[in-house]
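Below, each chain spelled out in residue letters.
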Amino acid sequence: MSTPTAAGEAGASTPTPPAAEPAPAAPQSRSLSARLFTRPEFGTIIAAVVIFVFFFAIAEPFRTLDSFATVLYAASTIGIVAVGVALLMIGGEFDLSSGVGVTTSALTAALFTYQLSLNMWVGVVLSLVAALLVGFINGWLVVTTGIPSFLITLSMFFVLRGANIGVTKAVTGTVATDNASELDGFASAHAIFASDIPLGFMTVKVTVLWWLGLAAVASWILFRTRLGNWIFAVGGNAPSARAVGVPVKKVKIGLFMGVGFVGWILGMHILFNFSSVQSGLGVGNELIYIVAAVVGGCLLTGGFGSAIGAAIGAFILGMTTQGIVFAGFDPNWFYAFLGAMLLLAVVLNLYIKNYATTRK
């Protein structure tokens, strides 16, 4: 019998047990600075501080509390709608009809109540129904046709813009509604939507409270509820969200109706603050709302952003609109600033999202 080879002897020996797999490393928590840097509103806060310091240094009127109240008011008239627009953008959609939608809400309440001699609160309720209906139509068309929301809401923009002017002229003979301040219910509605709130050291418009309250509620929805998870999932990847049971269509329609709701709030403020409504108002404001949301950290591609960031973005725009005036600059520079801020925000937000993704 031949002698077995070394290889044969090795093959016949008892097999060596495999080495134990190394235990998975304990997850390392990120530092506080890393967590702050990856927040959508991180860059917005820095920008707000820089802009505030800039105008505080060069514009003496900017340093007074009355002027700061004016800044807050300007920011609130942007931020009320920008918060709803931010949620919609996080959900992956746009609404280019939001600006004229505000005017539609105000006109609906004013025309119905004055022409039919109704209580103002009837007009308030009817205008809310109209605002939600416009949002529902926008959302329903987007989810059923598959046409991009850019085109759907651009079409709605033209429909509402023409209807606002055409209907107002047909009913009143002018491009503005009649003065509604003498109608029943006007005073109580004015207290809700357009009153002044004394804080002791300064007086602010009630819209500031609406703005901050809506930002707080929207943030709670985004980060503390299942609906918030659905909004991020729908904006990040709608097919994947649908595959795990997220009601994508309902979420998107609800977000469009949310924009209609916040637009209604601002529309009611315009009506009860000025008693009459110019039918041509609102054109171009939809872009300002989107800029506020983008400056606040919302990506144009969806799935990333925050309501608080949109509120701070509105504060930046409010500071800029008033700060330019207080500093004695040409107000037309505001639009140059708007374009520069939008470009910088898009680049910064994309960088922050990529950084956050690689750090997970």
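Residues numbered from 1 in each chain as written. Predicted model: local features only at pLDDT ≥ 70, side-chain atom pairs only at ≥ 80, totals over all residues. Heavy atoms only, no water.

S.K.: Quick rundown of helix H12 (residues 248-274)? Include the residues and the values.
M.R.: Over its 27 residues, H12 extends 40 Å from the first C-alpha to the last, a length consistent with the 39 Å expected when each residue adds 1.5 Å. Here H12 lies mainly inside the structure; 19 of its 27 residues are buried. Positioned one or two residues after H12, Ser 275 has a phi angle of 70 degrees, which is positive. (Helix = DSSP H or I, 4+ residues; strand = E, 2+ residues; numbered from the N terminus. Expected span 1.5 Å × (residues − 1). Buried < 20%, exposed > 50% of the residue type's maximum accessible area, 1.4 Å probe, protein only.)

S.K.: Break down the packing of aromatic side chains for me, with residues and values.
M.R.: As enumerated under the stated definition, the model contains 16 aromatic pairs in all. Between Phe 52 and Phe 56, the aromatic rings sit 5.8 Å apart at their centres with planes inclined by 25 degrees, giving stacked as the arrangement. Taken as a pair, Phe 52 and Phe 56 lie in helix H3 (residues 42-58) at a separation of four residues, close to a single helical turn. Classification of Phe 52 by relative accessible area gives partly exposed; the value is 29%. Residue Phe 56 is classed as partly exposed on the basis of its relative accessible area, which comes to 38%. Arranged with centres 5.6 Å apart and planes meeting at 80 degrees, the rings of Phe 193 and Trp 264 form a pair that is edge-to-face. Of this pair, Phe 193 sits in helix H8 (residues 186-193) while Trp 264 is found in helix H12, placing the two residues 71 residues apart along the sequence. Accessibility classification places Phe 193 together with Trp 264 in one group, the buried group. Taken together, the ring pairs in this structure connect Phe 52, Phe 54, Phe 55, Phe 56, Phe 62, Phe 68, Phe 315 and Phe 326 into an aromatic cluster. Positioned above the aromatic ring of Phe 56 is the side chain of Arg 63, whose terminal nitrogen or guanidinium carbon lies 5.8 Å from the ring centre. (Phe/Tyr/Trp six-rings, centres within 6.5 Å; stacked < 30°, edge-to-face > 60°. Lys NZ or Arg CZ within 6 Å of the ring centre and 35° of its normal.)

S.K.: If you had to explain the pattern of salt bridges to someone new, which residues and values would you point to?
M.R.: Taken as a whole and assessed by the stated rule, the structure comprises two salt bridges. Linking Lys 252 and Glu 93 is a salt bridge whose minimum nitrogen-to-oxygen distance equals 2.6 Å. Of the two residues, Lys 252 is situated in helix H12 and Glu 93 in the loop between helix H4 (65-90) and helix H5 (98-116); the sequence distance between them amounts to 159 residues. In terms of burial, Lys 252 and Glu 93 fall into one category: buried. One salt bridge in this structure joins Asp 196 and Lys 205, with 3.3 Å as the shortest N-O distance. What makes Asp 196 partly exposed here is its relative accessible area of 48%. (Salt bridge = Lys/Arg side-chain N within 4 Å of Asp/Glu carboxyl O.)

S.K.: Residue-level account of helix H13 (residues 285-295), with values.
M.R.: Among the 11 residues in H13, nine count as buried, and that is most of the element. Those residues of H13 that fall on the buried side of the exposure criterion are Glu 286, Ile 288, Tyr 289, Ile 290, Val 291, Ala 292, Ala 293, Val 294 and Val 295.

S.K.: Outline the side chain of Thr 104, supporting the account with residue identities and numerical values.
M.R.: Its place among the elements puts Thr 104 in helix H5. Taking the relative accessible area as the measure of exposure, Thr 104 reaches 13% and is therefore buried. In contact with Thr 104, other than residues within four places in its own chain, are Leu 160 and Asn 164. (Contact = heavy atoms within 4.5 Å.)

S.K.: Go over the packing of H4 against H12 with me, naming the residues and quoting the values.
M.R.: At a closest axis distance of 6 Å, the pairing of H4 and H12 adopts a crossing angle of 165 degrees. Classified by the angle between their axes, H4 and H12 sit roughly antiparallel to one another. The hand of the H4/H12 crossing is left-handed. In contact with Tyr 73, Thr 77, Ile 80, Val 81, Gly 84, Val 85, Leu 87 and Leu 88 of H4, H12 contributes Leu 255, Phe 256, Val 259, Val 262, Gly 263, Ile 265, Leu 266, His 269, Asn 273 and Phe 274. (Axes fitted to C-alpha atoms, helices over the stretch in contact; angles between N-to-C directions. Parallel < 35°, antiparallel > 145°, perpendicular 65-115°, else oblique. Left-handed = near helix turned anticlockwise from the far one by under 90°.)

S.K.: Hey, could you go over the nonpolar core for me, with residue numbers and the actual values?
M.R.: Membership of the largest hydrophobic core comes to 90 residues, with the highest contact counts inside it found for Trp 211 and Phe 272. With 15 residues, H4 is the single largest residue contributor to this core. Apart from residues no more than four positions distant in its own chain, Phe 272 is found in contact with Met 120, Val 124, Phe 186, Ala 189, His 190, Phe 193 and Ala 194. Judged by nonpolar contacts, the second largest core, of five residues, contains Val 100, Met 156, Phe 157 and Leu 160. (Core = buried A, V, L, I, M, F, W, Y, C linked by side-chain atoms within 4.5 Å.)

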